[in-house]
Amino acid sequence: MFCIKIADIPIGIENRYPYIRRLCEGYETEEKPAFTVAVTEEEILKEQNGDNRFSKGYCESLCIYRNICFALAKYDAFLMHSAAISMDGEAYVFAAPSGVGKTTHIRLWEEEFGNRIQVINGDKPIFRFIDGRLYVCGTPWRGKEGLGCRRMCPVRAICFLKQGPENRIRPLNTGEVSGRIFSQILIPKNQKDFEHFWPLLERMVTSQKFYELECNRQPEAAQLAYQTMRSRETC
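Residues numbered from 1 in each chain as written. Predicted model: local features only at pLDDT ≥ 70, side-chain atom pairs only at ≥ 80, totals over all residues. Heavy atoms only, no water.

S.K.: Hey, could you run me through the side chain of Asp123 in this one?
M.R.: Summarising the element assignment, Asp123 is placed in the loop between β7 (117–121) and β8 (126–130). A distance of 2.5 Å separates the side chain of Asp123 from the side chain of Lys124, its partner in a polar contact. Setting aside chain neighbours within four positions, we find Asp123 in contact with Met80, His81, Ser82, Ala83, Arg142 and Gly143. (Helix = DSSP H or I, 4+ residues; strand = E, 2+ residues; numbered from the N terminus. Polar contact = N/O pair within 3.5 Å; in protein donor to acceptor, adjacent residues only side chain to side chain. Contact = heavy atoms within 4.5 Å.)

See the structure below:
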């Protein structure tokens, strides 16, 4: 067993295989865990689903992270499939189905803004409400590109990406956000965890600024997104 700290929460991990400990290098802590997770060999095999291209250690890491995320709701935290970057002390979050271009878009920001940009997490960040404000938090689970760091940053705005020939951005109302966000959120299966989770999702949808960015892969897309999302005006 070892302990990691993500979203400022110490979490114990009882692992069977060494893969996950290597994955979590840089996130380990000596603090007493708030809770501990473990998975069975049966869960690992079910995740592997007979595909030996994926090691048992890798599959164990996926199962463990899923269970961590289910347990986080009681700590005002949850997982949203997205990419998050920080710039000038605030986070900009981009959500989209796989293949739409989250990584490509954050690369545009890096090209445009240089060392003002830091990638918090390229694929599976944790979001947590702390003292009434929403933060996005780095985790060891960073997607196939491995983009991210151990950092927490207050969320400035959240943007849903879609591909298009031109760059256009618009604010989304609550109903439009609700229609897009469920495919990106990991929803707890346990009823008690769900009861903690649901108010968090409602708070996120009603308190954050959301946008839809239709974009090509030109640098102007990053400029348009930044100039719009940094605005102090409400949607």
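S.K.: Is there a simple way to explain the pattern of salt bridges in this structure?
M.R.: Pairing between side chains becomes possible if they bear opposite charge and their charged atoms approach one another. Following the criterion strictly, the structure yields 17 salt bridges and no others. One salt bridge in this structure joins Glu28 and Arg21, with 3.1 Å as the shortest N-O distance. Residue Glu28 is classed as partly exposed on the basis of its relative accessible area, which comes to 34%. For Arg21, a relative accessible area of 38% puts it in the partly exposed group. In the salt-bridge network here, residues are joined through shared partners; they are Arg170, Glu176, Arg180 and Glu212. (Salt bridge = Lys/Arg side-chain N within 4 Å of Asp/Glu carboxyl O. Buried < 20%, exposed > 50% of the residue type's maximum accessible area, 1.4 Å probe, protein only.)

S.K.: I would appreciate a short explanation of the sheet that holds strand β1 (residues 2–6) in the present structure.
M.R.: Strand-to-strand pairing in sheets goes through backbone hydrogen bonds, with the strands running parallel or antiparallel. With mixed pairing, three strands are arranged side by side in an open sheet as β1-β2-β3. A single partner strand is all that each edge strand has here, and the edge strands are β1 and β3 (35–38). Across the sheet, the axes of successive neighbouring strands diverge by a mean angle of 35°, strand direction being ignored. Here four bridges tie strand β2 (residues 9–14) to β3, and the two strands are oriented parallel to one another. Across the sheet, residue Ile11 finds its bridge partner in β3, namely Phe35. Most of the contacts of helix α3 (residues 56–71) go to β3, to which it runs at about 145°, and overall it touches β1, β2 and β3. (Pairing = 2+ DSSP bridges. Axes fitted to C-alpha atoms, helices over the stretch in contact; angles between N-to-C directions.)

S.K.: Just to check I follow, could you spell out the packing of helix α4 (residues 102–113) against helix α7 (residues 220–229) for this structure?
M.R.: Helices that pack against each other are described as a pair by the angle of their axes relative to one another and the distance between those axes. Between α4 and α7, whose axes approach to 8 Å, the crossing angle comes to 85°. One element, α4, and the other, α7, form an angle in the roughly perpendicular class. On the side of α4, the interface is formed by His105, Leu108, Trp109, Glu112 and Phe113, while α7 contributes Ala221, Ala222, Gln223, Ala225 and Tyr226. Looking at side-chain class alone, the contact of α4 with α7 contains seven nonpolar, two polar and one charged residues. (Parallel < 35°, antiparallel > 145°, perpendicular 65-115°, else oblique. Nonpolar A, V, L, I, M, F, W, Y, C, P; charged D, E, K, R; others polar.)

S.K.: Got a minute to help me understand helix α2 (residues 41–48) in this structure?
M.R.: Owing to its 3.6 residues per turn, the α-helix aligns residues three or four sequence positions apart on the same side. For α2, the set of buried residues is Glu41, Ile44 and Gln48. The buried residues of α2 occupy an angular sector of 60° when the element is viewed end-on, so they sit on one face. Looking at α2, the residues exposed on the side facing more than 90 degrees away from the buried face are Glu42 and Lys46. On the buried face of α2, the contacting elements are α3. A positive backbone phi angle near 55° is found at Asn49, which sits one or two residues after α2. (Arc of directions from axis to C-beta.)

Function-wise, these values are silent; they only describe arrangement.
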